[in-house]
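# Coordinates in review
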Amino acid sequence: MRLLPLLCALLLLVLQGAAGLTFPQGLRQECERRRGFCSHRSCPPGISRVGICSEEDFCCRSRWYP
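Residues numbered from 1 in each chain as written. Predicted model: local features only at pLDDT ≥ 70, side-chain atom pairs only at ≥ 80, totals over all residues. Heavy atoms only, no water.

Per an unreviewed UniProt entry, the recorded name for the chain is GLL5 protein, and the organism is Upupa epops.

### Some thoughts on the overall build of the chain
A tally of helices and strands in the chain yields two helices and three strands. Starting at the N terminus and ending at the C terminus, the chain contains elements arranged as α-α-β-β-β. Relative to its 66 residues, the chain shows a buried fraction of 20%. In the chain, of all internal contacts separated by at least 6 residues, the share reaching a separation of at least 24 is 31%. When the accessible area of the chain is evaluated, it comes to approximately 5,500 Å², of which 62% is carbon and sulfur surface. (Helix = DSSP H or I, 4+ residues; strand = E, 2+ residues; numbered from the N terminus. Buried < 20%, exposed > 50% of the residue type's maximum accessible area, 1.4 Å probe, protein only. Contact = heavy atoms within 4.5 Å. Areas by Shrake-Rupley, 256 points an atom, 1.4 Å probe, with all protein chains shown as cover.)

### Considerations on the sheet that holds strand 1 (residues 37–40)
Reading across from one edge, 1-3-2 is the order of the three strands in this open sheet, with antiparallel pairing throughout. With one partner strand each, in any of the chains shown, strand 1 and strand 2 (47–52) form the two edges of the open sheet. For this sheet, the mean inter-axis angle between neighbouring strands, taken without regard to orientation, is 50 degrees. Sheet topology places strand 2 next to strand 3 (residues 57–62); five bridges connect them, and they run antiparallel. Each bridged residue has a counterpart across the sheet, and for I47 the counterpart in strand 3 is S62. (Pairing = 2+ DSSP bridges. Axes fitted to C-alpha atoms, helices over the stretch in contact; angles between N-to-C directions.)

Now the structure itself:
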């Protein structure tokens, strides 16, 4: 019975990766190509996270930008 929660967590992790919901490890150029900008540690309020620039930088983009 203790194995069931671990199996559920593993299944969710696999499904998340298969659905493409994980943020790919990227570069600053890739972020700019996606019309975003790199922000240290977190995105400003009202700005969504669309990727990763480095270990400590996230790629951010305004929700209203096409």
